[in-house]
Amino acid sequence: MPLPSEVEKAAKSGSEYELYKALLLNFGKRGDKAFEYLKDRRVKKYRDFFVVVGKEEYIVEGNFCTCPDFLVNLKGKSPCAHIIAVEIAKITGNYDRVDAYYVDYPDDILKKKK
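For the structure given in this document, a descriptive report is provided here.

Criteria and thresholds
- Residues numbered from 1 in each chain as written.
- Predicted model: local features only at pLDDT ≥ 70, side-chain atom pairs only at ≥ 80, totals over all residues.
- Heavy atoms only, no water.
- Core = buried A, V, L, I, M, F, W, Y, C linked by side-chain atoms within 4.5 Å.
- Buried < 20%, exposed > 50% of the residue type's maximum accessible area, 1.4 Å probe, protein only.
- Helix = DSSP H or I, 4+ residues; strand = E, 2+ residues; numbered from the N terminus.
- Contact = heavy atoms within 4.5 Å.
- Polar contact = N/O pair within 3.5 Å; in protein donor to acceptor, adjacent residues only side chain to side chain.
- Salt bridge = Lys/Arg side-chain N within 4 Å of Asp/Glu carboxyl O.
- Axes fitted to C-alpha atoms, helices over the stretch in contact; angles between N-to-C directions.
- Nonpolar A, V, L, I, M, F, W, Y, C, P; charged D, E, K, R; others polar.

A few points about the nonpolar core
Membership of the largest hydrophobic core comes to 30 residues, with the highest contact counts inside it found for Leu23, Val43, Cys65 and Ile88. Those elements that place two or more of their residues in this core are helix 1 (5–13), helix 2 (16–27), helix 3 (29–39), strand 2 (50–53), strand 3 (57–61) and helix 5 (81–92). A per-element tally of this core places helix 5 first, with 7 residues. Apart from the residues lying within four places of it in its own chain, the contact partners of valine 43 are Tyr37, Leu38, Phe50, Val51, Val52, Ala85, Val86, Ala89, Asn94, Tyr95 and Asp96.

Thoughts on the environment of aspartate 96
Relative to the helices and strands, aspartate 96 resides in strand 5 (residues 96–97). Distance in space between the C-alpha atoms of aspartate 96 and arginine 41 is 7.1 Å, their sequence separation being 55 residues. With sequence-adjacent residues up to four places away left out, aspartate 96 is seen in contact with Arg41, Val43, Lys44 and Lys45. Separated by 2.9 Å, the side chains of aspartate 96 and lysine 44 make a polar contact.

Description of the pattern of salt bridges
Applying the stated criterion to the full structure yields 9 salt bridges. The closest approach of N and O atoms between aspartate 96 and arginine 41, which form a salt bridge, is 2.7 Å. Of the two residues, aspartate 96 is situated in strand 5 and arginine 41 in the loop between helix 3 and strand 1 (43–45); the sequence distance between them amounts to 55 residues. Looking at arginine 41, the relative accessible area reads 35%, which means it is partly exposed. Salt-bridge contacts for glutamate 87 lead to lysine 90; the nearest nitrogen and oxygen are separated by 3.3 Å. In this pair, glutamate 87 and lysine 90 both sit in helix 5, 3 residues apart, roughly one turn of the helix. For glutamate 87, a relative accessible area of 18% corresponds to the buried category. According to the relative accessible area criterion, lysine 90 is partly exposed, its value standing at 43%. Shared partners join several salt bridges into a network, and the residues in it are Glu36, Asp40 and Arg42.

With respect to the packing of helix 2 against helix 3
Running from N to C, helix 2 and helix 3 cross one another at 145°; their axes reach a closest spacing of 6 Å. The segment helix 2 lies against helix 3, with Glu16, Leu19, Tyr20, Leu23, Leu24 and Phe27 engaging Lys29, Arg30, Gly31, Asp32 and Phe35. Counted by class, the contact of helix 2 with helix 3 contains 6 nonpolar, 1 polar and 4 charged residues.

Written as structure tokens, this is what we have:
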């Protein structure tokens, strides 16, 4: 789901104020949440997926997110806050890189606990 041109322009400008304003005007409450995820650096790029840390960790791949808002409320027809945050993070580079595969991550945690 491509971002509206004014959101892309604001993301490229480097101005937090302009980005926040564009997100609010175009996405409302979801834009506000996306800005919060970006500001708090809760977007992570694993080798295989982007993950946004909200109440839980949600996998974002392309125009799909594993969160209940996207799956139930939006029915996949509009981007949730996590997808918006990932798309902005791709433009700004404002995400943390994790040199691991997300699908392997839970296995690593279980091995360390033994």
